[in-house]
Amino acid sequence: VCRKPNDKRGRIAIGDSKALYNPAMGLRRLERGVLPFLSAGGKTPGNLDRLLAMTAYDEVSMSPGQPW
């Protein structure tokens, strides 16, 4: 893994989503980092709604909840 999205060695960029997101590439860079980590934890979302449900946490209780 690395921090920079344009890694010449092809490593997966992990970092702030605002720094990794590029409108021209869409969500590709974010998916490339998030999906393998979820998969390693035994979770494979089939669509965006499931992905949000798996990754959204209530800031107060730190339990699954609604994004923002």
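This structure is a prediction, so every number in the text was calculated from the model and none was measured.

A few points about the pattern of salt bridges
Here's step 1: Considering all chains together, one arrives at two salt bridges under this definition.
Here's step 2: The residue Asp7 makes a salt bridge to Arg11 at a minimum N-O spacing of 2.8 Å.
Here's step 3: Here Asp16 makes a salt bridge to Lys18, at a shortest N to O gap of 3.2 Å.
Here's step 4: A relative accessible area of 42% places Asp16 in the partly exposed class.

Overview of the side chain of Arg29
Here's step 1: Of note, Arg29 is situated in helix α2 (residues 28-40).
Here's step 2: The side chain of Arg29 sits in the buried core without any salt bridge; Asp7 is the nearest counter-charge, 11 Å away.
Here's step 3: In contact with Arg29, other than residues within four places in its own chain, are Pro5, Asn6, Leu20 and Asn22.

Comments concerning a nonpolar patch on the surface
Here's step 1: Where nonpolar side chains cluster on the molecular surface, the patch consists of Val1, Ile14 and Phe37 and spans about 310 Å² of accessible area.
Here's step 2: Considering the arrangement of structural elements, one finds Val1 in the segment before α1 (17-20).
Here's step 3: Its relative accessible area of 66% is what places Val1 among the exposed residues.

Calculation notes
Residues numbered from 1 in each chain as written. Predicted model: local features only at pLDDT ≥ 70, side-chain atom pairs only at ≥ 80, totals over all residues. Heavy atoms only, no water. Salt bridge = Lys/Arg side-chain N within 4 Å of Asp/Glu carboxyl O. Buried < 20%, exposed > 50% of the residue type's maximum accessible area, 1.4 Å probe, protein only. Helix = DSSP H or I, 4+ residues; strand = E, 2+ residues; numbered from the N terminus. Lys, Arg positive; Asp, Glu negative; His and termini not counted. Contact = heavy atoms within 4.5 Å. Patch = residues over 30% accessible without salt bridge, like charges linked within 9 Å, V, L, I, M, F, W, Y side chains within 5 Å. Areas by Shrake-Rupley, 256 points an atom, 1.4 Å probe, with all protein chains shown as cover.

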